[in-house]
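# Structural characterization, general
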Amino acid sequence: MTGARSERAVSILSPFAFLLIWEIVVRGGLLDFRFFPPPSTVLATLWDMIVSGALWKDLGVTLLRVLGGTLLAVIPGLILGVCMGLSRWVRAAINPMVAAVYPIPKTAILPLIMLVFGIGELEKMVVVAIGAFFPVLINTVAGIQNIERVYFEVGQAFKASAWDRMRTIAIPGALPLIFTGLKLAFGMGLIMVFIAEFTGAQSGIGFMMWNAWQVFAVPQMYAGLIIISFLGYIVTVGLDELEHLLVPWRTR
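Scope of this entry: the structure provided in the associated data block. (Residues numbered from 1 in each chain as written. Predicted model: local features only at pLDDT ≥ 70, side-chain atom pairs only at ≥ 80, totals over all residues. Heavy atoms only, no water.)

### Some points on the pattern of salt bridges
So the rule is basically this: Just to be clear on terms, a salt bridge is a Lys or Arg side-chain nitrogen sitting within 4 Å of an Asp or Glu carboxyl oxygen. Numbering goes from the N terminus for both helices and strands, where a helix is a DSSP run of H or I of at least four residues and a strand is a run of E of at least two. Each residue gets one of three labels from its accessible area relative to the maximum for its type: buried under 20%, exposed over 50%, partly exposed in between, using a 1.4 Å probe on protein chains only.
Applying the stated criterion to the full structure yields seven salt bridges. Across the pair Arg-27 and Glu-23 runs a salt bridge whose closest N-O atoms are separated by 2.9 Å. Taken together, the residues span about one helical turn, with Arg-27 and Glu-23 both in helix H1 (residues 3-27) at a distance of four residues. Judged by relative accessible area, Glu-23 falls into the buried class, the value being 17%. Where Glu-243 meets Lys-183, a salt bridge forms, and the shortest distance between an N and an O atom there is 3.2 Å. Here Glu-243, found in helix H10 (residues 218-246), pairs with Lys-183, found in helix H8 (residues 162-199); they are 60 residues apart in sequence, far enough to count as distant. According to the relative accessible area criterion, Glu-243 is buried, its value standing at 4%.

Given below as structure tokens:
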């Protein structure tokens, strides 16, 4: 078996090994069944939710909020990141504001967002967008700044316009870090949407988990965690494949 296949096999089998150990430990009485239900119980609960249809509405609502909010963050994040990466004057003007705003806990401004946008779908998308914006922006700037300056000098020598330098040098050269920013942005978007759904929602996976906590339906809470993990995994794999397609020169 080649190294790549062995690596993939380990990646596939390791989660199953972890779940098996978890099952054995709980069944053996080493963990409290009430707080740490075995994977078999959690998966049975998740299957019941899928079959009954109770899951699909909440999942669809959460996906819409995450995708909408991430899209609101990605477009301005990319545009501003490219401008900052290419122009030291734009970078000098925007960097202090980024440095000041980025460390602020996003949950701390949640009441302000609710005050401005109300409690509704737009408010939740804005919460997601605020969390997802900075990873895209920072990674785009870093990606452009890490490009060897000789490439821009060659573009200038051949009288390439600013648009051509951006299209053929800056964006392709920054793509690896841009994709890193997109993965981080979606992960942050998932975190933020669940925070928003905990505090002011009547639907969504976050609301489902909060409601399960209130009635002490622990297996349902773990089922929600599985859904979150699965969403994050699927998006990461999809972005990885898109990256390999658009950045073929990067080693797998």
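### Thoughts on unusual backbone geometry
Even without a glycine there, the phi angle at Phe-216 is positive, about 60°. Tracing the backbone through its elements, the reader meets Phe-216 in the loop between helix H9 (205-214) and H10.

### Considering helix H6 (residues 121-145)
Basically, it comes down to this: Given the number of residues in a helix, its expected span is that number minus one, multiplied by 1.5 Å. What is called the bend at a residue is the angle between a pair of axes, fitted to the seven residues leading up to and ending at it and to the seven starting from it.
When the terminal C-alpha atoms of H6 are compared, their 36 Å separation across 25 residues agrees well with the 36 Å that a helix rising 1.5 Å per residue should span. The sharpest bend along H6 reaches about 30° and sits at Ala-132, with the proline Pro-135 one to four residues further on. The element H6 is extensively covered by neighbouring structure, given that 19 of its 25 residues are classed as buried.

### Quick look at the packing of H9 against H10
What counts, and what does not: Note on geometry: axes are lines fitted to C-alpha atoms, helical ones only across the stretch in contact, with angles between N-to-C directions running from 0 to 180 degrees. The scheme is simple: roughly parallel for angles under 35 degrees, roughly antiparallel for over 145, roughly perpendicular for 65 to 115, oblique for anything else. Left-handed describes a crossing whose near helix is turned anticlockwise from the far helix through less than a right angle; right-handed describes the clockwise counterpart. Pairs of residues are marked as contacts when any of their non-hydrogen atoms sit within 4.5 Å. Basically, the charged four are Asp, Glu, Lys and Arg, the nonpolar ten are Ala, Val, Leu, Ile, Met, Phe, Trp, Tyr, Cys and Pro, and anything else, Gly included, counts as polar.
Following both chains from N to C, one finds H9 and H10 inclined at 160°, their axes separated by 8 Å at the closest point. By the angle between their axes, H9 is roughly antiparallel relative to H10. Handedness of the H9/H10 crossing: left-handed. Residues Ile-205, Met-208, Met-209, Ala-212 and Trp-213 of H9 touch H10, and the partners they reach there are Gln-220, Met-221, Gly-224, Leu-225, Ile-227 and Ile-228. When grouped by side-chain class, the residues that make up the contact of H9 with H10 number nine nonpolar, two polar and no charged.

### Brief notes about the packing of helix H4 (residues 88-101) against H6
Two elements in contact, H4 and H6, have axes separated by 12 Å at closest approach and are oriented at 140°. Taken together, the axes of H4 and H6 are oblique relative to one another. Note on packing geometry: the crossing formed by H4 with H6 is left-handed. Here Arg-91, Val-98 and Val-101 of H4 come into contact with H6, specifically with Phe-134, Leu-137, Val-141 and Gln-145. Each residue belonging to the contact of H4 with H6 can be placed in one class, and the counts come to five nonpolar, one polar and one charged.

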